[in-house]
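Residue-level structural notes
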Amino acid sequence: MDELELPRPDDWHLHLRDGANLPDLVRASARFGRAIVMPNLKPPVTTVAAARAYRERILAARPAGSDFEPLMTLYLTAATSPAEVEAAARDASVHAIKLYPAGATTNADAGVHDVLACAEVFRAMADHGVPLLVHGESIDPRVDVFDREAVFVRETLARLIEQHPRLRVVLEHVSTAEGVAFVEAAPPTVAATITAHHLLYDRNAMFQGGIRPHMYCLPVLKRASHREALLRAATSGNPKFFLGTDSAPHARPTKETACGCAGVFTAHAALELYAEAFDAAGALAALPDFASRFGPAFYGLPVSPQTVRLRREPWRVPERLPLGEGELVPLRAGETIAWRWLPT
Ligand code: DOR
Ligand code: ZN
């Protein structure tokens, strides 16, 4: 198969940042129909009013003629109230609430220290059908960085789902065999997004001939057996697994430094990278469901009536891309990608 047609896909996990960076990032992702936009700004998007204002800034940053639709999320803190959940449920632009364990990743300091203590908010979310999006990593400093997801799933997520069986939960950017097995065994209320970089790379990629800061993200890339488990899940046709890039831009100097930020930028080639991963697994035919149908089904939204086309046609990724006043280093910088998303 050298060409593939699929319904216009959506990105169910995306970082668009704000301010001067917004236009470059919105343009990079606007080929997608919709995107779930992460709320980890500085300060975080904790209220419906803030989410609505952020949505307006995103809409204003769209390229002329673009119909890209941002789906907004709220950032859960210890101060989030059931009333805010109710307001979110009533608001057509807010689609989910994001749980960051405190300090787990970029701008997660305002996150939650004791997840299970948010029971009242989770009950309100279950009552109103608001999905909880989970950054699933333990914040116990004694836990090895490569074990943080498995420990969180075992010790926190399992209990959360037991205590709130009606709550709809997405384990974002699942990165381990344990995470995949958990989601597979969980009730249909539980799903997961998978990034292109976790499908294409294992942790060796961070140390290829030296330390590679642009391959560092959270959850961190794991060993090859985990990547294989993710590929199996993504290509299995199980509707619990769908596309979420977690494309996470950082200006080049904040990556290429003694203490670099976590995040891999993939928006410039998101669907193309997934096509590579699926193709290498001999499972291109499973891409349309994963990229375009299973996400809308989970969120109760229509599949796009538009179609897009991918062609097997190598192209070279620029060394750098603009990011506001600065620049970023995209995944595969200076290297080739085997698939091209044809213009419509
Ligand atoms: O690598 C990551 N970058 N993981 C996250 O969870 C956050 C993201 C970011 O916002 O940069
Ligand atoms: Zn993210």
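Residues numbered from 1 in each chain as written. Chains lettered and ligands numbered in written order. Predicted model: local features only at pLDDT ≥ 70, side-chain atom pairs only at ≥ 80, totals over all residues. Heavy atoms only, no water.

Let's talk about the side chain of His250
Here His250 shows up in the loop between strand S9 (241-243) and helix H9 (252-255). The exposure class of His250 is buried, given its relative accessible area of 11%. Side chain to side chain, His250 and Arg17 meet in a polar contact 3.2 Å long. (Helix = DSSP H or I, 4+ residues; strand = E, 2+ residues; numbered from the N terminus. Buried < 20%, exposed > 50% of the residue type's maximum accessible area, 1.4 Å probe, protein only. Polar contact = N/O pair within 3.5 Å; in protein donor to acceptor, adjacent residues only side chain to side chain.)

Remarks on the coordination of the zinc ion (ligand 2)
Octahedral metals with six donors have ideal donor angles of 90 or 180 degrees. Tetrahedral metals with four donors have an ideal donor angle of 109.5 degrees. The zinc ion (ligand 2) binds to the protein through His13 (NE2), His15 (NE2) and Asp246 (OD), with metal-donor distances spanning 2.0 to 2.1 Å. Donor residues for the zinc ion (ligand 2) sit on one chain with the sequence pattern H-x1-H-x230-D. With His13 in strand S2 (residues 11-14) and Asp246 in the loop between S9 and H9, this pair connects stretches of sequence that are 233 residues apart. An identical accessibility class is assigned to His13 and Asp246; each is buried. (Donors = N, O, S within 2.8 Å, 3.2 Å for Na, K, Ca; no water.)

What to know about the environment of Phe207
Mapped onto the fold, Phe207 is located in the loop between helix H7 (196-200) and helix H8 (224-235). On the basis of relative accessible area, Phe207 is assigned to the partly exposed category, the value being 48%. C-alpha separation for the pair Phe207 and Arg223, spaced 16 residues apart in sequence, amounts to 12 Å.

Here's the deal with the sheet that holds S9
Read from one edge to the other, the open sheet built from eight strands follows the order S2-S3-S4-S5-S6-S7-S8-S9, with strand pairing classed as parallel. Looking at the sheet topology across the chains shown, the edges are occupied by S2 and S9. Each strand of the sheet is rotated relative to its neighbour by a mean of 30 degrees, with strand direction disregarded. With two bridges connecting them, S2 and strand S3 (residues 34-37) associate as parallel partners. Within S3, the residue paired with Asp11 across the bridge is Ala35. Along the sheet face, helix H2 (residues 48-60) touches S3, strand S4 (69-75) and strand S5 (94-99) and points at about 150 degrees away from the line of S4. The strands that helix H5 (residues 148-163) touches are strand S6 (132-134), strand S7 (169-171) and strand S8 (190-194); relative to S7, the one it contacts most, it runs at about 170 degrees. (Pairing = 2+ DSSP bridges. Axes fitted to C-alpha atoms, helices over the stretch in contact; angles between N-to-C directions. Contact = heavy atoms within 4.5 Å.)

Description of H2
Here H2 is 13 residues long and its end C-alpha atoms lie 18 Å apart, about the 18 Å a rise of 1.5 Å per residue gives. Within H2 the residues assigned to the buried category are Val48, Ala51, Tyr54, Ile58 and Leu59. Projected down its long axis, H2 carries its buried residues within an arc of 140 degrees, all on one side. Opposite the buried face of H2, at more than 90 degrees from it, the exposed residues are Ala49 and Ala60. On its buried side, H2 packs onto helix H1 (22-29), S3, S4, helix H3 (82-90) and S5. (Expected span 1.5 Å × (residues − 1). Arc of directions from axis to C-beta.)

Concerning the packing of aromatic side chains
Enumeration over the complete set of coordinates arrives at nine aromatic pairs. Here Phe32 and Trp341 contribute two aromatic rings whose centre-to-centre distance is 5.5 Å and whose plane-to-plane angle is 85 degrees, an arrangement assigned as edge-to-face. Within this pair, whereas Phe32 is found in the loop between H1 and S3, its partner Trp341 is found in strand S13 (residues 336-341), the two being separated by 309 residues in sequence. The buried category is assigned to Trp341, whose relative accessible area is 7%. Their ring planes at 75 degrees and their centres at 5.6 Å tell us that Phe298 and Tyr299 sit as a pair that is edge-to-face. Taking the relative accessible area as the measure of exposure, Phe298 reaches 11% and is therefore buried. The exposure class of Tyr299 is buried, given its relative accessible area of 9%. (Phe/Tyr/Trp six-rings, centres within 6.5 Å; stacked < 30°, edge-to-face > 60°.)

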